[in-house]
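Coordinates in review
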Amino acid sequence: MDDPLIVVTLLLVAAAATAAVAVRDPVRQALVLSVLGLCLAVLFTVLQAPDVGLSQLAVGSALTPLLLMLAVRRVGRRAKGTTGTTGTTGTGDGEREKAR
Amino acid sequence: MRPWRAVRASGEVTVWWAALFALWLVLISTVDPLELLVGAAVSLLGALAARAGRRAVHDE
Amino acid sequence: MNGWTTTATVALAGGLGATLWGAATGPLHRRAVAQNLASAVTAPALLLLAQGYGRPAYVDLALVLALLGPVGTLVFARLLAGELADGGQSPGGRGPTLAVAAYGALVVVVLCAVTGPSRAMVKLLVVGVLLVAGNLIASKALSGGFGTAGASAGKNAGQERESNGRG
């Protein structure tokens, strides 16, 4: 009875998941994963499971991006600490390293 | 000084309690005595937490 | 399938599809704005589904999304403050944001008119107010408003890079 709605939502989930795999940089991936979480919540609602959709919203919209971004920051900071600056905008740091 | 601060504190908690209880009444589906009791208790806890949070932020 | 679910289908296909494409391609600022608008477009669609299926309980999903969607955007705005400021502002972020906010308000008004004066209508109004306010606050935070938080985060990131280079 609701077939077009379910088909559209399933296509959206497939497209979002494909985009999440195709994007390589972790920071941009976190943004796409946030949208994927939204699509999944809508899919659960359309399949008449609103409680699952509620849990998905609660976890996927705020918690997952936060965890991902904190992990990316921690890894980036550790890499900068051991190998020196690899920052994209740190031209002053590069000069200071060469002077040392 | 002390009684006046107590009056202000209880007044602020009462305002928070009224706002939270009104929000509870709007958001629940059916209104029966058990819901009212739970709502009043939870609103009281929330009001105390809100006053503590506001004091921590504003450094009264 | 009645009119409400058909409208929700069109809204989801158009709105969520467009924001997904915006979040997957383009510069970083546009992706963040697209992520913000995705949650702002999905909440009215959930309200339409609640009306279409005849289950008022589904309004709670829109309520949670109206609260947590802007929180997710604020997470990105805080943790990406340095990179968003470096990359430069992409013009044209205001238009879609205001359009989506107006669309959300329109959906809430229509549903309130259908529901009729009752507690359910007040609940819809609360959800609508939270939705529009959250959307505007999150978009303002993304575009670098709320001076102290964004500027100090950017400065802290710059100082961290300097101290890492020196130390």
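How each quantity is defined
Residues numbered from 1 in each chain as written. Chains lettered and ligands numbered in written order. Predicted model: local features only at pLDDT ≥ 70, side-chain atom pairs only at ≥ 80, totals over all residues. Helix = DSSP H or I, 4+ residues; strand = E, 2+ residues; numbered from the N terminus. Buried ≥ 20, exposed ≤ 12 C-beta atoms within 10 Å, placed from the backbone. Contact = placed C-beta atoms within 7 Å. Axes fitted to C-alpha atoms, helices over the stretch in contact; angles between N-to-C directions. Parallel < 35°, antiparallel > 145°, perpendicular 65-115°, else oblique. Nonpolar A, V, L, I, M, F, W, Y, C, P; charged D, E, K, R; others polar. Core = buried A, V, L, I, M, F, W, Y, C linked by C-beta atoms within 7 Å. Expected span 1.5 Å × (residues − 1). pLDDT = per-residue confidence, 0-100. Left-handed = near helix turned anticlockwise from the far one by under 90°.

**A short note on the overall build of chain C**
When its secondary structure is counted, chain C shows seven helices and zero strands. The N-to-C order of helical and strand elements in chain C reads α-α-α-α-α-α-α. Residue burial in chain C is summarised as follows: out of 167 residues, 43% are buried. Of all intrachain contacts in chain C linking residues separated by at least 6 positions in sequence, the fraction that spans at least 24 positions is 74%.

**Some thoughts on the overall build of chain A**
The secondary structure content of chain A amounts to four helices and zero strands. Along its sequence from the N terminus, chain A presents helices and strands in the succession α-α-α-α. Burial analysis of chain A (100 residues in total) assigns 33% to the buried set.

**Let's talk about the packing of helix α5 (residues 94-115) of chain C against helix α6 (residues 119-142) of chain C**
Residues and elements named next belong to chain C. With their axes 9 Å apart at the nearest point, α5 and α6 run at an angle of 175° to one another. Here α6 runs roughly antiparallel to α5, going by the angle between their axes. Between α5 and α6, the contacting residues are Thr97, Val100, Ala101, Gly104, Ala105, Val108, Leu111, Cys112 and Thr115 on the first element and Ala120, Met121, Leu124, Leu125, Val127, Gly128, Leu131, Val132, Asn135, Leu136 and Ser139 on the second. For the contact of α5 with α6, a count of residues per class yields 14 nonpolar, six polar and no charged.

**Some remarks on the nonpolar core**
Residues Ala16, Val32, Val35 and Cys39 of chain A together with Leu46, Leu47 and Ala62 of chain C are the most contacted members of the largest nonpolar core, which totals 66 residues. Here this core takes 14 residues from helix α2 (residues 28-53) of chain C, the largest share from any one element. With sequence-adjacent residues up to four places away left out, Leu47 of chain C is seen in contact with Val59, Ala62, Val107, Val108 and Leu111 of chain C.

**A short note on α2 of chain C**
When the terminal C-alpha atoms of α2 of chain C are compared, their 37 Å separation across 26 residues agrees well with the 38 Å that a helix rising 1.5 Å per residue should span. A positive phi of about 75° marks Gly54 of chain C, the residue just after α2 of chain C.

**Describing the interface of chain A and chain C**
The interface of chain A with chain C comprises 42 residues on the first partner and 40 residues on the second. For the side of chain A that touches chain C, the secondary structure elements donating two or more residues are α1 (3-22), α2 (26-46), α3 (50-83) and α4 (91-99) of chain A. Counting residues per element, the side of chain A that touches chain C draws most heavily on α3 of chain A, which supplies 13 residues. Here the side of chain A that touches chain C is composed, by residue class, of 24 nonpolar, eleven polar and seven charged.

**Section: helix α2 (residues 33-58) of chain B**
Along its 26 residues, α2 of chain B runs 37 Å from first to last C-alpha, staying within 8% of the 38 Å computed at 1.5 Å per residue. Burial of α2 of chain B is sparse: only two of the 26 residues sit out of reach of the surface.

**What about the confidence of the model for chain A?**
Chain-level statistics for chain A give a pLDDT mean of 83 and a share of 80% at 70 or above. Of the regions scoring below 50 in pLDDT, residues 90-97 of chain A engages in 15 contacts with residues more than four places distant in sequence or in other chains.

**Digging into the environment of Gly3 of chain C**
Checked against the element boundaries, Gly3 of chain C lands in helix α1 (residues 3-24). Under the C-beta neighbour-count criterion, Gly3 of chain C is labelled exposed, with 10 such atoms within 10 Å.

**What about the confidence of the model for chain C?**
Residue and element names in this part refer to chain C. On average, chain C scores 83 in pLDDT, and the residues at 70 or more come to 83%. Residue range residues 149-167 is modelled with pLDDT below 50. Its contacts to residues more than four positions away, or to other chains, number 25 contacts. Reported for the predicted complex are a pTM of 0.81 and an ipTM of 0.82.

**Considering unusual backbone geometry**
Glycine aside, residues mostly have negative phi angles, and peptide bonds mostly take the trans form. You will see that Gln48 of chain A, though not glycine, has its phi angle at about 65°, which is positive. Along the chain, Gln48 of chain A turns up in the loop between α2 and α3.

**A word on the environment of Ala50 of chain B**
Residues and elements named next belong to chain B. With respect to the secondary-structure elements, Ala50 resides in helix α2. Taking the C-beta count within 10 Å as the criterion, Ala50 has 18 such neighbours and is therefore assigned partly exposed. Taking C-alpha positions, Ala50 is 8.1 Å from Val13, a pair spaced 37 residues apart along the chain.

**Observations concerning the packing of helix α1 (residues 2-27) of chain B against α2 of chain B**
All names here are of chain B. Contact geometry of α1 with α2 gives a least axis separation of 8 Å together with a crossing angle of 130°. In terms of axis orientation, α1 runs oblique to α2. As α1 packs across α2, the resulting crossing turns out to be right-handed. Contacts between α1 and α2 involve Ala9, Glu12, Val13, Trp16, Trp17, Leu20, Phe21, Trp24 and Leu25 from the first element and Gly39, Ala40, Val42, Ser43, Leu44, Gly46, Ala47, Leu48, Ala50 and Arg51 from the second. The class makeup of the residues in the contact of α1 with α2 is 14 nonpolar, three polar and two charged.

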